[in-house]
Amino acid sequence: MVDLTTETLETPPQQSRRPLRQMATRFARHRLALMGLVVLTLMTLIVIVGPWLSPYAYDQQDFALIGMPGAPSAAHWLGTDELGRDAMTRLIYGGRVSLGVGLLGAVISTLVGTLIGSLAGFYRGVWDMLLMRFTDVMLSIPTLPLVLLLSTLFRPSPVLLVVIVGGLIWMGTARLVRSQFLALREREYVEAARALGAGGPRLIVRHILPNALGPITVAATLAVGSSIMLESALSFLGFGILPPVPTWGNILNSASGWLAIAPWLAIPPGLCIFFTVLAVNFVGEGLRDAMEPRG
Amino acid sequence: MSFSFLIRRILGAIPLLFGISLVLFTIIHLAPGGPLDVYADNPSVSPEALEQIREAFGLDRPVPVQYVLWLRSMLVGDWGLSIRTGRPVLDEILTRLGPTMQLGGISMLLSFLVAVPLGIISAARRGSRTDSTVTLAAFAGISLPVFWSALLLQLVFSVWLGWLPSAGMKSIGDGSVSDRLLHLILPVTVLSLATIASWSRYIRSGMVDVLSQDYIRTAYAKGRREGSVILRHALRNAMIPAVTVIAIDFVTIISGAVITETVFAWPGIGRLFVESMNGRDYPMLMGLMMMGSVGVVAANIIADIVYATLDPRIRHG
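Just so it is clear, the structure is predicted and the values come from calculations on it, not from any experiment.

Conventions adopted
Residues numbered from 1 in each chain as written. Chains lettered and ligands numbered in written order. Predicted model: local features only at pLDDT ≥ 70, side-chain atom pairs only at ≥ 80, totals over all residues. Heavy atoms only, no water. Contact = heavy atoms within 4.5 Å. Buried area = accessible area lost by both parts, 1.4 Å probe. Salt bridge = Lys/Arg side-chain N within 4 Å of Asp/Glu carboxyl O. Polar contact = N/O pair within 3.5 Å; in protein donor to acceptor, adjacent residues only side chain to side chain. Nonpolar A, V, L, I, M, F, W, Y, C, P; charged D, E, K, R; others polar. Helix = DSSP H or I, 4+ residues; strand = E, 2+ residues; numbered from the N terminus. UniProt positions renumbered as here; feature names shortened; annotations may be inferred. Phe/Tyr/Trp six-rings, centres within 6.5 Å; stacked < 30°, edge-to-face > 60°. Buried < 20%, exposed > 50% of the residue type's maximum accessible area, 1.4 Å probe, protein only. Lys NZ or Arg CZ within 6 Å of the ring centre and 35° of its normal. Core = buried A, V, L, I, M, F, W, Y, C linked by side-chain atoms within 4.5 Å. Axes fitted to C-alpha atoms, helices over the stretch in contact; angles between N-to-C directions. Parallel < 35°, antiparallel > 145°, perpendicular 65-115°, else oblique. Left-handed = near helix turned anticlockwise from the far one by under 90°.

A. The interface of chain B and chain A, seen in detail. Of the residues lining the interface, 53 residues belong to chain B; the matching set on chain A comes to 47 residues. Here chain B and chain A share an interface that buries about 4,200 Å² over both sides, 82% of which is from carbon and sulfur atoms. Of all residues in chain B, the largest losses of buried area upon contact with chain A belong to B:F147, B:W148 and B:M277, amounting jointly to 16% of the total for that side. On inspection of chain B and its partner chain A, the count reaches zero salt bridges. Counting the contacts that link chain B with chain A gives three residue pairs in polar contact (both at pLDDT 80 or more). Here the residues of the side of chain B that touches chain A are counted per class, giving 36 nonpolar, nine polar and eight charged.

Okay, structure coming up:
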């Protein structure tokens, strides 16, 4: 039976608290989101501290073990790769790169998306038309092939690669911010601010943007997942960040050749990508629920 | 379906296609070395020869002229010659399209058949254990890196169990239907997992919205059973938000099966893309990008048409 009544009864009694506190409480009630946050925090800590604790460097080779992947042992917990390097150290160091790319890519995509979306939504008219047509164009070009094309053409450094990744996933954010701006710019408080003499930039930054921060935060969180996935896919295909600098994607690339003999090399980096992206998605969902409570 | 709606929609796509061609053209021209980058790296091509190639390709003309010339040849189907094979780009793409369509088509069909029931059950039993299991599985499916699930399946089913072939479209010297079907299982599974996950979410949320509408209550009130309410009253409206996603994903799969086709050595256009990347075959890459983008635009138009069929307010309003 579909029950149409319980939904409305479930709403908890509203207490008058500060909105941020309220959001935090609602987020904390979302068990999966909380778990996601814990996983991400742990990952970040391991990735920052890990390389110092490891007795090996990420490109340090044990010449006795070169030629074939080595099985996990007490000295090398996750085994060694075909070049005699400690797999665990490379995994942790690769996490630094992958998480870094994910975070910075999301920052760039959020900045670009917010800028384009807010200009289009606030000024409307010709600006809106041009910016949104551009967004449509970027949405129509398949992302992974475009990233691949750009990475052969420009042979980017890791920093440029982050810019490219961020520069290709901002479209959803731009559409979202635009729709927020279109709705908010008609509010009375914006009219009041305008009547007091506030100009366009001030209205955008001081008055409208703060009220659109909720959805932007959710989009930014999800963008971390997209950019980690995109960079991993690129590195997996052999075109992103190139060895010897490890990322989860390029570790998986070299491990795929040894899949039948040394599966222990291919499983951990994939698990790391999977759990990180899953955690990011749960946190995003939790934030969405916390910021835009629906009935 | 009104004819003028169709025409309006198709005409509306022209500026979009124009914009796409402009962006792609700009990218290839901004690159260091430009379109002749491949030759510039080659020590056996002298600077004079390079100059001659430049003239032959019209690259000494002003950039806007080059753009117009390029656009004109794209429109008449002259997409240039592949640097790697020397054959016309368009021919090469068309011969590779078949395997991709086969793989993509079967994956889409499977995804649809699995995702729709999952989404419906999840929405109808909202908050139940089934719902949370489906939701959790969907999140996992969305977060699963395709290249990794492909490797894992290969490891388990080809290497360890030896049940399924790990790569290719058919065994050498075989080509029977059953052999081809066996080769399809792993790549289809990999391609379908993510789409099933994301579509079931869209269908669930569409269904949840629709099930809280008054007309559904009315249907129950007049004594309809749950199955009939869902299938005959709710489903049509619940599908509307999912239509665009499904249409776009179809094209994304066609043009974005890059990873799956590479891992499973599937001779489609995704693999062609990676092969062309390795040979820095720019005419081919541009052709593939152009085709992928046109596909997305076409899918959008088709989605709008399905939209209008499902929801008459759109075509009349």
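Now, onward.
B. Structural detail: the environment of B:R224. Residues and elements named next belong to chain B. Secondary-structure assignment places R224 in the loop between α9 (214-221) and α10 (226-256). With 161 residues separating them in the primary sequence, R224 and V63 have C-alpha atoms 67 Å apart. Contact partners of R224, with chain neighbours within four places excluded, come to A219, V229, R232 and H233. Looking at R224, its side chain comes within polar contact range of the side chain of S228, at 3.0 Å.

C. Geometry of the UniProt feature "transmembrane region" (unreviewed entry) in chain A. Residue and element names in this part refer to chain A. Within this structure's numbering, the places UniProt gives as "transmembrane region" (unreviewed entry) are residues 32-53, 97-122, 134-153, 159-177, 212-241 and 261-284. The span residues 32-53 shows a helical share of 100% and a strand share of 0%, and its end C-alpha atoms are spaced 30 Å apart. Across residues 159-177, helical content stands at 79% and strand content at 0%; the span's end C-alpha atoms are separated by 26 Å.

D. Quick peek at the packing of aromatic side chains. On inspection of all chains with the given rule, the structure shows eleven aromatic pairs over all chains. Ring geometry for A:F236 and B:F147: centres 4.9 Å apart, planes at 20°, overall stacked. With A:F236 in helix α10 (residues 200-236) and B:F147 in helix α7 (residues 146-160), this residue pair bridges two chains. Here the two residues A:F236 and B:F147 agree in accessibility, since each one is buried. When the ring centre of A:W52 is taken as reference, the NZ or CZ atom of A:R96 above it lies at 6.0 Å. Between the NZ or CZ atom of A:R185 and the centre of the ring of A:F122, over which it lies, the distance is 5.6 Å.

E. Broad picture of the nonpolar core. If you look at the biggest cluster of nonpolar residues, it comprises 109 residues, and the most contacted ones within it are A:L146 and A:L148. In terms of residues, this core owes the most to one element, helix α12 (residues 263-291) of chain A, which gives 13 residues. Those residues in contact with A:L146 that sit more than four places away from it in its chain are A:M138, A:I141, A:L168, B:L24, B:I27 and B:M289. With 41 residues, the next largest nonpolar core counts B:V116, B:M239, B:I246 and B:A299 among its residues.

F. Region of the structure containing the packing of helix α3 (residues 31-53) of chain A against helix α4 (residues 87-123) of chain A. Residues and elements named next belong to chain A. Interaxial distance between α3 and α4 falls to 8 Å at its minimum, and their mutual angle equals 125°. Judged on the interaxial angle alone, α4 and α3 are oblique. With respect to the hand of their crossing, α3 and α4 are arranged in left-handed fashion. For the pair α3 and α4, contact is made by M43, T44, I46, V47, I48, G50 and P51 and by I92, Y93, G95, R96 and L99, respectively.

G. A look at the packing of α7(B) against helix α8 (residues 177-211) of chain B. All names here are of chain B. At a minimum axis separation of 10 Å, α7 and α8 run at an interaxial angle of 150°. Note that α7 runs across α8; the crossing there is right-handed. Taken together, the residues of α8 that come into contact with α7 (itself represented by V146, S149, A150, L153, Q154, F157 and S158) are L186, T189 and V190.

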